[in-house]
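Below are the chains, spelled out letter by letter.
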Amino acid sequence: MKVLLLAVPFVLPLGDRLATEYAQNRSVRVVVSTSLDMETVESEMLVNGEPVEGRGGRERSSDETRTIEYVDEWLAVEDGELREVRRSFETLAARGVARFGDNERDIERDAPLADVTLMLAVTESGLSVEVVEGDAPDQALQGQRPELSLDALLPDGEVALNEVWNLEAEAIARALGLDLEATLFPEPEREPEDEGGRRGRGVRGARSPFRPFHELDWSGTATLHAAEEHAGQRCARIALEIRGEGELTPPERGGRRGGRAVDLATEARLATEFEVVLEGTLWFAVERGLPVELTLAGSVTSDQHTEFTRGDMTRTMIVLEEGEFTHSVQVTLQDAADEPAK
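Here's what I pulled together on the structure shown here. Everything numeric in this text was worked out from a predicted model, so none of it was measured.

## Details of the packing of aromatic side chains
Under the criterion given, the structure shown has 7 aromatic pairs. Pairing Phe 213 with Trp 218 gives two aromatic rings, centres 6.0 Å apart and planes at 45°, and the pair type is tilted. There is no split in this pair, since Phe 213 and Trp 218 are both buried. Seen in terms of ring centroids, Phe 213 and Phe 325 are 5.4 Å apart; in terms of plane orientation they differ by 45°. Their pairing is tilted.

## Points about the side chain of Glu 228
Here Glu 228 shows up in strand E9 (residues 217-230). At a separation of 2.7 Å, a polar atom in the side chain of Glu 228 contacts the side chain of Arg 237.

## Let's talk about the pattern of salt bridges
Applying the stated rule across the entire model yields 18 salt bridges. In this structure, Arg 66 and Glu 64 form a salt bridge, with 2.9 Å as the shortest nitrogen-oxygen distance. Taken as a pair, Arg 66 and Glu 64 share a single burial class, namely buried. Asp 179 is the salt-bridge partner of Arg 145, the closest N and O atoms lying 4.0 Å from each other. Within this pair, whereas Arg 145 is found in the loop between strand E7 (126-133) and strand E8 (164-167), its partner Asp 179 is found in the loop between helix H1 (169-176) and helix H2 (181-184), the two being separated by 34 residues in sequence. A relative accessible area of 30% places Arg 145 in the partly exposed class. Judged by its relative accessible area of 30%, Asp 179 falls in the partly exposed class. What you see here is one network of salt bridges that share partners, running through Glu 64, Arg 66, Arg 109 and Glu 181.

## Some remarks on H1
In terms of residue burial, H1 counts as a mostly covered element, since 6 of its 8 residues are buried. For H1, the full list of buried residues reads Ala 171, Ile 172, Ala 173, Arg 174, Ala 175 and Leu 176. Where H1 ends, the next residue or the one after it, Gly 177, has phi of about 80°, a positive value.

## Description of the nonpolar core
Within the largest apolar cluster, 67 residues are counted, with the highest numbers of intra-cluster contacts made by Leu 113, Phe 213, Trp 218, Ile 238 and Leu 240. Top element by residues in this core is strand E13 (residues 268-285). It accounts for 7 residues. Excluding residues within four positions of it along the chain, Ile 238 makes contact with Leu 18, Leu 154, Trp 165, Ala 222, Thr 223, Leu 224, Gly 280, Thr 281 and Leu 282.

## Quick look at the pairing of E13
Inspection of the sheet shows strand E10 (residues 233-248) paired to E13 by 14 bridges, in the antiparallel sense. Note on E13: the bridge partner recorded for Ala 236 is Phe 284. With 18 bridges connecting them, E13 and strand E14 (residues 290-310) associate as antiparallel partners. Note on E14: the bridge partner recorded for Glu 279 is Ala 297. Hairpin connection between E13 and E14: a loop of 4 residues separates the two successive antiparallel strands, and Gly 289 in this loop has a positive phi of roughly 60°.

## Structural notes on the layout of surface pockets
By volume, the second largest pocket is sized at about 370 Å³. If you trace the second largest pocket, you find 18 residues lining it, with Asp 151, Ala 152, Leu 154, Pro 155 and Asp 156 closest to the centre. It is E8 that provides the largest number of residues to the lining of the second largest pocket, a total of 3 residues. Among the residues forming the lining of the second largest pocket, the class breakdown is 10 nonpolar, 2 polar and 6 charged.

## A word on empty space enclosed by the protein
In this structure the tally under the stated criterion is 1 cavity of 30 Å³ or more. Its volume calculated, the largest cavity comes out at about 410 Å³. Lining the largest cavity are 26 residues, and of these Ile 68, Gly 177, Asp 179, Leu 180 and Leu 184 lie nearest its centre. Mapped by element, the contributors of at least two residues to the lining of the largest cavity are strand E1 (26-47), strand E3 (60-78), strand E4 (81-100), H1, H2 and strand E15 (313-333). Class assignment for the residues of the lining of the largest cavity results in 13 nonpolar, 6 polar and 7 charged.

Quick notes on the rules
- Residues numbered from 1 in each chain as written.
- Predicted model: local features only at pLDDT ≥ 70, side-chain atom pairs only at ≥ 80, totals over all residues.
- Heavy atoms only, no water.
- Phe/Tyr/Trp six-rings, centres within 6.5 Å; stacked < 30°, edge-to-face > 60°.
- Buried < 20%, exposed > 50% of the residue type's maximum accessible area, 1.4 Å probe, protein only.
- Helix = DSSP H or I, 4+ residues; strand = E, 2+ residues; numbered from the N terminus.
- Polar contact = N/O pair within 3.5 Å; in protein donor to acceptor, adjacent residues only side chain to side chain.
- Salt bridge = Lys/Arg side-chain N within 4 Å of Asp/Glu carboxyl O.
- Core = buried A, V, L, I, M, F, W, Y, C linked by side-chain atoms within 4.5 Å.
- Contact = heavy atoms within 4.5 Å.
- Pairing = 2+ DSSP bridges.
- 1 Å grid on protein atoms, 1.4 Å probe; cavity = no way out; pocket = protein on both sides within 12 Å on 5 of 7 lines; lining within 4 Å.
- Points joined across faces, edges and corners; volume = space filled by probe spheres on them.
- Nonpolar A, V, L, I, M, F, W, Y, C, P; charged D, E, K, R; others polar.

Here it is, written out as structure tokens:
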């Protein structure tokens, strides 16, 4: 039985299985772009519960864009599953700007896998990852998977038109690239404190703006819609709704003051409610058995309350930040021109 929708040029048969068809000696190019823009929209200072005029704090904003481009060569496939992949990273870049009051700071993050080629091999003992071109530290090799990250959003088994399936937190993290963030763009190490409790400022980059994303409870749904022509291919359109929310864990506090150690954890209480709401589309090329494009966009909200107590004075800072998040993935079959139509 088939469902006919006259509003679209193609019809996806019921019972089709949406799964990547891995084939030996094929290669794909994957291009990922992720951006996050945040700004302070409201800030207020209270002393013993009373607002202090003109002490709402300086405006803060930041934006950062990350670009990843690599080529996967599928060298060995067994029973439809990848066994050996050659992965060549061509572009790894993370740049942005952080603004605090009248101060502005450019941010550029290190990327240890830039211009590095890896060999991923599935063995009886697990996955082995080896550097075959370039140079990279061992910790940069962690978390790699041979399969496409977009596989995480595809359904298990057959699905019918307009069917909805739930997205697990781990699948969402993979699709957003959160599982590889620490590997591809590790945060810089902070310089040690001197005897006066001061830290050096010689760091490249800053705390990752995506760090809160790792602490959220993620959930989402995907809905299969009828096949449509997209970018010259017959594609199944999958609508996505994703949400992440949670209360962030306060950072560890402590240090030295006047040459003596102090415990700042008892002097400040933080509560930050963080929420991400995204909508988007995953396009799956039916005739090629390949997810070819993901687009996600939505809002980010951070509501932070910080309270300091000194003697009989309690000072409270309330900062509300809002922003926009976008994430796109393009997958191109390198030998697509030679592929016969099914």
